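Geometric and topological summary
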Amino acid sequence: MESAAIIDPPMITPVSSPQQQVASGSEPTAAAPERPPAFEVERLSIFYGEKKAIENVTLTIPSKMITAIIGPSGCGKSTLLRSLNRMHELVPQTRIEGKVVFAGEDIYAPHIDPVVVRRRIGMVFQKSNPFPTMSIAENVLVGLKLNGVRDRAFLRERLEQSLRMAALWDEVKNDLHKPGISLSGGQQQRLCIARAIAVEPEVLLMDEPASALDPIATAKIEELIHELSSNYTVVIVTHNMQQAGRCSDYTAFLYLGRLIEFAATTKIFTNPSERQTEDYITGRFG
Amino acid sequence: MVTPKHILGTFDEALASLRNNVLMMAGLTERSLDRAMKGLFQRDDDLCANAIADDEEIDQLEKQIDKDGVDVLMRFQPLASDLRRVVSAMKLSSNLERMADQATNIARRARKLNQHPPLPELELIAPMHAHAMSMFKDSIDAYVREDVQLGRAVVPRDEKLDELNRVASRRLIQRMAEDPDQLRGYLNLMFIARHLERVGDHATNIAEDAVYAAAAEDIRHQPFVASA
């Protein structure tokens, strides 16, 4: 099928075996997820020019689960998230040390094409960003079309499937030709999620996906994240502690670019091992 | 370990208020039990009446703590040790209220006993009283000082109280058969022993909640080695 090469690019080997259960973490506490790892971040440091944004982070992110990254502003949450699909490289003068192993291969290895990495590891941003000149349908299908998919029946099928998965189909099925930006903020964000999943990535990275939304739209996004986690590995950056508690299976706490603690979310939010985590989540930080 | 101040002063105030109400409730419950038992041992109906009157205030405090706890959960969504403190405070208040009910029950039984000549079998109650109150005080101390070790140590002590209750019950049943004229008196003493045994159960619950609040450890319903 025409789309097969897009969906299953040959440059990265299939998902690692269930036996690959890794307990890891940088020096601080780190949980041992029971699922096979989606990402194995090893001694990762990221620099913007002279500034070290991420320092020696080692972390295993389990597959088909939701991992939240929390921490105060400027702690490196978004940088760490973006490093998982090399999106941070779009910032000039970026340099990394260490490895990010996805599906058995270091995504920073010289032979890896970052475009293919980003196709397999999709991203949703804080502010919804539908293409303003495109209709709802065009927004969803843009990724497939850019990759040369022309089969109209396939595109139609994928459009409905993606919008249904993003819990948006019923609201827009009669308005598919209308501009994407005519939707409400919450709908636009779900449209962006539909766009991200239309190319069938294996991972969804979400950078504060609901921070600009009202509580109802936020609840819909959270419900969607929960449903998506049965098919996708989801990594979400959030400032909202309650959201992290509600949505995620595992939580990583970052401070000043360092991983302070990584554990099951229930553990982090009821009995964290590290004093810095406790102080941060209870609002007693600094 | 000193807890740093919360960024929101109102949150620290709300937590402190919750804790102060629990401590006040514990103080009143201890006083009520003390009055009920003195009313029994000293055959003083006024003390019994005071113990019964204390119950109303304790009931109101339970409602206040529940209301404040729900309010803190709703307004601040506490996490980690803060969350455990709020949950524990609400559970403690429930146990304290039931302890105060035991004090009321003891005071009512004591008033009935005071209408008749004293029974020598009252001596069976004294060690139970001492043991139950010691468990109660230590459980509250464990909560106040967040002393996990002390909290843990309270739990197995309930076995001894249960045993004292069994011994007292056996002896009182025996006396009922030997001296049926005093049957009501012996029955009242049996109920008082039972109420004290329940006080021990609530002290155990409080100690378990104290451990949970301090260390996030659920030590309920675990087999333990009986105390030496």
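Everything here concerns the structure above.
Below, the structure is looked at part by part.

Criteria and cut-off values
Residues numbered from 1 in each chain as written. Chains lettered and ligands numbered in written order. Predicted model: local features only at pLDDT ≥ 70, side-chain atom pairs only at ≥ 80, totals over all residues. Heavy atoms only, no water. Helix = DSSP H or I, 4+ residues; strand = E, 2+ residues; numbered from the N terminus. Buried < 20%, exposed > 50% of the residue type's maximum accessible area, 1.4 Å probe, protein only. Contact = heavy atoms within 4.5 Å. Areas by Shrake-Rupley, 256 points an atom, 1.4 Å probe, with all protein chains shown as cover. Salt bridge = Lys/Arg side-chain N within 4 Å of Asp/Glu carboxyl O. Expected span 1.5 Å × (residues − 1). Lys, Arg positive; Asp, Glu negative; His and termini not counted. Polar contact = N/O pair within 3.5 Å; in protein donor to acceptor, adjacent residues only side chain to side chain. Buried area = accessible area lost by both parts, 1.4 Å probe. Nonpolar A, V, L, I, M, F, W, Y, C, P; charged D, E, K, R; others polar. Pairing = 2+ DSSP bridges.

**Considerations on the overall build of chain A**
Looking only at helices and strands, chain A has 11 helices and 11 strands in total. The burial tally for chain A puts 57% of its 286 residues in the buried class. For chain A, the share of sequence-separated contacts (at least 6 apart) that also reach a separation of at least 24 residues comes to 69%. Accessible surface computed for chain A: about 12200 Å², of which carbon and sulfur atoms make up 52%.

**Brief notes about the pattern of salt bridges**
Evaluation of the coordinates by the stated rule reveals 33 salt bridges over all chains. The salt bridge involving glutamate 160 of chain A is made with arginine 164 of chain A; its shortest N-O contact spans 2.9 Å. Here glutamate 160 of chain A pairs with arginine 164 of chain A, and both are found in helix H5 (residues 152–165), just 4 residues apart, close to one helical turn. According to the relative accessible area criterion, arginine 164 of chain A is partly exposed, its value standing at 46%. The partner of glutamate 121 of chain B in a salt bridge is arginine 175 of chain B, with the nearest N and O atoms 2.9 Å apart. Of the two residues, glutamate 121 of chain B sits in the loop between helix H3 (80–114) and helix H4 (125–145) while arginine 175 of chain B sits in helix H6 (residues 158–178), which places them 54 residues apart along the sequence. Each member of the pair, glutamate 121 of chain B as well as arginine 175 of chain B, carries the same accessibility label: buried. Bridged by salt links that share partners, the residues Arg284 of chain A together with Asp12, Asp82, Arg85 and Glu146 of chain B form one connected network.

**Remarks on H4 of chain B**
Note on helix geometry: an α-helix contains 3.6 residues per turn, so any two residues three or four positions apart are oriented the same way. The end-to-end C-alpha distance of H4 of chain B is 30 Å, a good match for the 30 Å that 21 residues give at a rise of 1.5 Å each. Glutamate 146 of chain B lies just past H4 of chain B and shows a positive phi near 50 degrees.

**Describing the side chain of arginine 119 of chain A**
All names here are of chain A. Note on placement: arginine 119 falls in helix H3 (residues 114–120). Here arginine 119 sits buried without a salt bridge, and the closest side chain of opposite charge, aspartate 113, lies 6.0 Å off (N-O distance). Within the local environment of arginine 119, its side chain forms a polar contact with the side chain of asparagine 147, the two groups lying 3.0 Å apart.

**What to know about the interface of chain B and chain A**
Counting residues at the interface gives 19 residues for chain B and 14 residues for chain A. Summing the contributions of chain B and of chain A, the shared interface buries around 1300 Å²; its carbon and sulfur component is 49%. The three residues of chain B that bury the most area against chain A are Pro4, Leu79 and Ala80 of chain B, which together make up 40% of that side's buried surface. Inspection of the region where chain B meets chain A yields 2 salt bridges. Only helix H1 (9–41) and H3 of chain B provide two or more residues apiece to the side of chain B that touches chain A. Ranked by the residues each element gives to the side of chain B that touches chain A, the list is headed by H3 of chain B, at 5 residues. Residues belonging to the side of chain B that touches chain A are distributed by class as follows: 11 nonpolar, 4 polar and 4 charged.

**Considering the environment of alanine 213 of chain B**
Tracing the backbone shows alanine 213 of chain B in helix H7 (residues 183–215). Given a relative accessible area of 7%, alanine 213 of chain B falls into the buried group.

**Details of the pairing of strand E10 (residues 250–255) of chain A**
All names here are of chain A. Of all 6 residues in E10, 5 are buried; the element is thus mostly enclosed. Two strands pair when backbone bridges link them, and strand E4 (residues 66–70) and E10 are joined in this way by 4 bridges, in the parallel orientation. Considered in E10, the bridge of alanine 68 is made with threonine 251. Between E10 and strand E11 (residues 258–264), which pair antiparallel in sequence order, lie 2 residues; one of them, leucine 256, sits at a positive phi of approximately 50 degrees.

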